[in-house]
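Given next are the chains, with one letter for each unit.
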Amino acid sequence: MLPKIYLEKQDSKDFSFIHASDLHLGSHQYRNEERANDFINAFEEILTLAKLNEVDFILLGGDVFTSLEMLPGKLTRIISVILNFKKSTQNQIQIIAIEGNHDIRKFSLGVRFRNRGQSWLKLLASLGMLILLDADLNASPENRFTLYNFNTNSGGKVQIKNAIIYGTRYLGENPKEELLKIKEAIEKNDGLFHILLQHFGIEGQMENVPGINYKDVECLKERINYLALGHFHLQFTIKNWIYNPGSSEATCTSDFFFKRGIFLVKVSYDHGYKKEVKQLKLLNRRAVWINIYFKIPFQNKDHLKEYILKMLEASLKKQEPLLINHRNHHKPCLFLKINGIKPYKGCKINEKELNQVICEKFPFVNVKIYQKFTEPIKSIIKYL
Ligand SMILES: [Mn+2]
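The notes below deal with the structure included here.

Procedures and definitions
- Residues numbered from 1 in each chain as written.
- Predicted model: local features only at pLDDT ≥ 70, side-chain atom pairs only at ≥ 80, totals over all residues.
- Heavy atoms only, no water.
- Phe/Tyr/Trp six-rings, centres within 6.5 Å; stacked < 30°, edge-to-face > 60°.
- Helix = DSSP H or I, 4+ residues; strand = E, 2+ residues; numbered from the N terminus.
- Buried < 20%, exposed > 50% of the residue type's maximum accessible area, 1.4 Å probe, protein only.
- Lys NZ or Arg CZ within 6 Å of the ring centre and 35° of its normal.
- Pairing = 2+ DSSP bridges.
- Axes fitted to C-alpha atoms, helices over the stretch in contact; angles between N-to-C directions.
- Contact = heavy atoms within 4.5 Å.
- Parallel < 35°, antiparallel > 145°, perpendicular 65-115°, else oblique.
- Left-handed = near helix turned anticlockwise from the far one by under 90°.
- Nonpolar A, V, L, I, M, F, W, Y, C, P; charged D, E, K, R; others polar.

### Side note on the packing of aromatic side chains
Point 1. A full pass over the atoms with the stated rule returns 22 aromatic pairs.
Point 2. Between Phe-17 and Tyr-226, the aromatic rings sit 5.1 Å apart at their centres with planes inclined by 85°, giving edge-to-face as the arrangement. You can see Phe-17 sitting in strand E1 (residues 15-20) and its partner Tyr-226 sitting in strand E8 (residues 226-230), a full 209 residues away along the chain. The burial state of Phe-17 is the same as that of Tyr-226; both residues are buried.
Point 3. An angle of 75° between the planes, with centres 5.3 Å apart, marks the rings of Tyr-148 and Phe-150 as edge-to-face.
Point 4. Take Tyr-148: its relative accessible area is 5%, and that puts it in the buried class.
Point 5. With relative accessibility at 27%, the residue Phe-150 sits in the partly exposed group.
Point 6. Chaining the aromatic ring pairs together yields one cluster made of Phe-15, Phe-17, Phe-57, Phe-193, Tyr-226, Tyr-243, Phe-263, Tyr-269 and Tyr-273.
Point 7. A cation over a ring is seen here: Lys-13 above Tyr-269, with NZ or CZ 4.2 Å from the ring centre.

What follows is the structure, given as structure tokens:
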């Protein structure tokens, strides 16, 4: 049975929701405190946007957590963010999630824990803090998606107003057969708006990243009004029925270049369902790229460091208006590319140390250093 609040709101066939994915909570937590908090801030921003737009529910398409390893302080903050949200919205906006491949990943040893069935999402669901959809695809078609039970905190589908949301855990890289099983189990003519929450990518949407062939997904189209995906960190939509919002914060360098964000979806009913999908951008931390060229082969460590700092200062002077005028008040991430002539052996750059020195002197939260040099002798010969 649905909580009372939904029964009261059942009258209207119109509803709205937010679709986000790949939040990767827990990223950077061992290396950089501020960057680790960015991911929780993005989650908090999603919840705030849900509240401001008075949506009926929030969908999280998996990879909510980046691995099974989670520091207690970070989990404490995540729980308090959810509790505050629930309190301030009188528990009217449900958070509905599925597990992605990262939610079941043990990061440090690369061991997959899929068979042990543990995840932080399961913990949050068992505490009633969110709805974790997890269908049993091995059951008979009518028992695959059981209606979510708010007493046992389990089930494969949940109805909110006229939306019915179906969801499964991560099904692997090529869940062709599972998709047919899902299709079989989805009711045909119940008059509801069908959403399927899944964690997989579609082939061709990201260069050199494997995904499922669209033809294998297409079988779902006749049963699904909105296929809510997660997995690819790049945002994409296909033929007005497949939606992938992209990661909520940049998890790696390439994410900084991707179009990413969340979808705000409004569904109205007038002799059939009509959906309006709006892309919203989140206030993510920004990145700055600076390139430094070594014209000489450095022989002295201090000279090398001084040179980098001097060049950085000069380069930042030019970029200063850019740094100040941005709507995001956070200090940016710096991507520092160093190339030119290779320093001598005793002059190797200690990236950890250089990161620290730069962050102390300049307004950056973190520095990622890329070094690409040409051999000193070869380059000299070239100029002889
Ligand atoms: Mn992901």
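So, next bit.
### Overview of unusual backbone geometry
Point 1. Located in the positive-phi region is Asn-208, a residue other than glycine, with phi close to 60°.
Point 2. By the element assignment, Asn-208 lies in the loop between strand E7 (193-199) and helix H7 (214-217).
Point 3. Judged by its relative accessible area of 76%, Asn-208 falls in the exposed class.
Point 4. Phi angles above zero are rare outside glycine, and His-271 is one such case at about 50°.
Point 5. In this structure, His-271 sits in the loop between strand E11 (262-269) and strand E12 (273-280).

### Here's the deal with the pairing of strand E6 (residues 163-167)
Point 1. Here E6 lies mainly inside the structure; 5 of its 5 residues are buried.
Point 2. Residues of E6 alternate between two faces, with Ala-163, Ile-165 and Gly-167 on one and Ile-164 and Tyr-166 on the opposite face, all of them buried.
Point 3. Between strand E5 (residues 157-160) and E6, which pair antiparallel in sequence order, lie 2 residues; one of them, Lys-161, sits at a positive phi of approximately 50°.
Point 4. The pairing of E6 with E7 spans 5 bridges and is parallel. Looking at E7, one finds that Ile-165 is bridged to Ile-195.

### Description of the environment of Gly-261
Point 1. In this structure, Gly-261 sits in the loop between strand E10 (242-244) and E11.
Point 2. For the pair formed by Gly-261 and Ser-21, sequence separation is 240 residues and the distance between their alpha carbons is 8.7 Å.

### Description of the sheet that holds strand E13 (residues 287-294)
Point 1. Overall, parallel pairing links the 3 strands, which are arranged E13-E14-E15 in an open sheet. The open sheet is flanked by E13 and strand E15 (366-374), the only strands paired with a single partner. In this sheet, adjacent strand axes meet at a mean angle of 15° when their direction is disregarded.
Point 2. Sheet topology note: the strand E14 (residues 333-341)/E15 ladder contains 9 bridges and is parallel. By the bridge assignment for E15, Phe-335 is matched with Lys-368.
Point 3. Against the sheet, helix H9 (residues 351-361) engages E14 and E15, with an angle of about 125° to E15.

### Focus: the packing of helix H2 (residues 33-52) against helix H3 (residues 72-88)
Point 1. Relative orientation of the contacting elements H2 and H3 amounts to 15°, with a least axis distance of 11 Å. Classified by the angle between their axes, H2 and H3 sit roughly parallel to one another. The hand of the H2/H3 crossing is right-handed. Along its contact with H2, which presents Glu-33, Ala-36, Asn-37, Ile-40, Asn-41, Phe-43, Glu-44, Leu-47, Ala-50 and Lys-51, the element H3 presents Lys-74, Arg-77, Ile-78, Val-81, Ile-82, Phe-85 and Ser-88.
Point 2. Among the residues forming the contact of H2 with H3, the class breakdown is 9 nonpolar, 3 polar and 5 charged.

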